[in-house]
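Here's the letter readout for the chains.
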Amino acid sequence: MPELPEVETVRRGLAPALEGARLVRVEVRRPDLRWPFPEAMAERLTGATIRALGRRSKYLLMHLDTGETLIVHLGMSGRMVVDDLASAATQPGAFHRGAGWLTQHDHVVLHTATHRVTFNDARRFGAMDLWPTEDLENHWLMAKLGPEPLGNDFHDEYLNAAFRGRNTPVKAALLDQRIVAGLGNIYVCEALHRAGIAPTRRAGRIAAKRIERLVPTIREVLGEAIVAGGSSLRDHRQADGTLGYFQHGFRVYDREGRPCPTPGCNGIVRRIVQSGRSTFHCRLCQR
């Protein structure tokens, strides 16, 4: 499932083509994905100008001049890829996607005067919805989200208060979107390793000084992942169709049995299961 860095990477890739652009034609090729599309979605989008592209947690937001916002969730296999129509006119076969891209999974296509943006989703776990922009925080997907980990509202005082009295493992607490929005399995594993905190430690028993280190570490990991274009383990593609490459810099995630990369540590990366999900950590340097 794409996490914050993957969605932010897609947002940044789409922005040059879509921000300020008018949707001259919209194709909706099926009635639903994870849930039904909003009523008359193609008609409501056609003719609208995209004022800005935003992101909240793992959701892409297209703010329209109609007063509505298109909410996009990529799901497990969703991709949004931009084609430059001018380049396609001079380069035959410019829209060829290569192995693994099947056009029958092109479910929504946005056309502007200069670009085409295709939402392709083989597993159909993605989703789209239209909602009044001024009421966006009350949409059922947004209403209970915690602060953005890269925003000003996420700081050690906040996290200390959010963890206080919690008996759940710290990894589960960080994955709780009500505590912090957008974090997923990969980046929580990586951040906890860098911060030297065991994923099994109870959130309410982590000292304030360790949380002071954890907050900037989370920001650091996310920032590096965004610069790298996210992590492409299976389906993630950037908006130009290329792979992200942060997975090549993983310290612990998916590295079971390999030496811990922390300088001076002789530990081995272990894999355990927490709440049905794989956790990768080092028992020696994470406490």
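Preceding block: the structure.
In this text, all values refer to a predicted model and were calculated from it rather than measured experimentally. (Residues numbered from 1 in each chain as written. Predicted model: local features only at pLDDT ≥ 70, side-chain atom pairs only at ≥ 80, totals over all residues. Heavy atoms only, no water.)

A.B. asks: Any details on the overall build of the protein? Residues and values, ideally.
C.D. replies: Secondary structure assignment for the protein yields seven helices and 10 strands. Within the span of the protein, comprising 287 residues, buried residues form 53% of the whole. Within the protein, contacts between residues separated by at least 24 positions form 65% of all contacts whose residues are at least 6 apart in sequence. Accessible area for the protein stands at about 13500 Å²; split by element, carbon and sulfur atoms hold 48% of it. (Helix = DSSP H or I, 4+ residues; strand = E, 2+ residues; numbered from the N terminus. Buried < 20%, exposed > 50% of the residue type's maximum accessible area, 1.4 Å probe, protein only. Contact = heavy atoms within 4.5 Å. Areas by Shrake-Rupley, 256 points an atom, 1.4 Å probe, with all protein chains shown as cover.)

A.B. asks: So what's going on with unusual backbone geometry? Which residues, and what values?
C.D. replies: Phi is positive for Ala40, which is not a glycine, with a value near 55°. Structurally, Ala40 is set in the loop between β1 (25-28) and α2 (41-45).

A.B. asks: Report on the sheet that holds strand β5 (residues 79-84), specifying residues and quantitative values.
C.D. replies: Within the open sheet, the four strands sit side by side as β1-β6-β7-β5. Their pairing is antiparallel. Only two strands of the sheet have a single partner each, and these edge strands are β1 and β5. Recorded for the sheet is a direction-independent mean angle of 15° between the axes of neighbouring strands. Where strand β6 (residues 106-111) lies against strand β7 (residues 115-120), five bridges are found, and the strand directions are antiparallel. (Pairing = 2+ DSSP bridges. Axes fitted to C-alpha atoms, helices over the stretch in contact; angles between N-to-C directions.)

A.B. asks: Just give me the short version of the pattern of salt bridges, but keep the residues and values in it.
C.D. replies: Summed over the entire model, instances satisfying the criterion amount to 14 salt bridges. With a closest N to O distance of 2.9 Å, Arg11 and Glu8 form a salt bridge. Residue Arg11 and its partner Glu8 are both found in helix α1 (residues 4-18); the two are separated by three residues, about one turn of the helix. Grouping residues by exposure puts Arg11 and Glu8 together as buried. One salt bridge connects Asp176 with Arg178, and the closest N-O pair in it is separated by 2.9 Å. (Salt bridge = Lys/Arg side-chain N within 4 Å of Asp/Glu carboxyl O.)

A.B. asks: Outline the nonpolar core, supporting the account with residue identities and numerical values.
C.D. replies: Counting residues in hydrophobic clusters, the biggest one holds 34 residues, and the most contacted among them are Leu159, Phe163, Leu174, Leu214 and Ile218. Residue assignment for this core shows that the elements contributing at least two residues are α4 (156-163), α5 (170-175), α6 (185-195) and α7 (208-227). Considering each element in turn, this core owes the most residues, eight residues, to α7. Ignoring anything within four residues of it in the chain, the contact list for Leu159 reads Phe154, Leu174, Ile179, Ile211, Leu214 and Val215. Ranked by size, the runner-up nonpolar core spans 30 residues in total, among them Val7, Leu18, Ala42 and Phe119. (Core = buried A, V, L, I, M, F, W, Y, C linked by side-chain atoms within 4.5 Å.)

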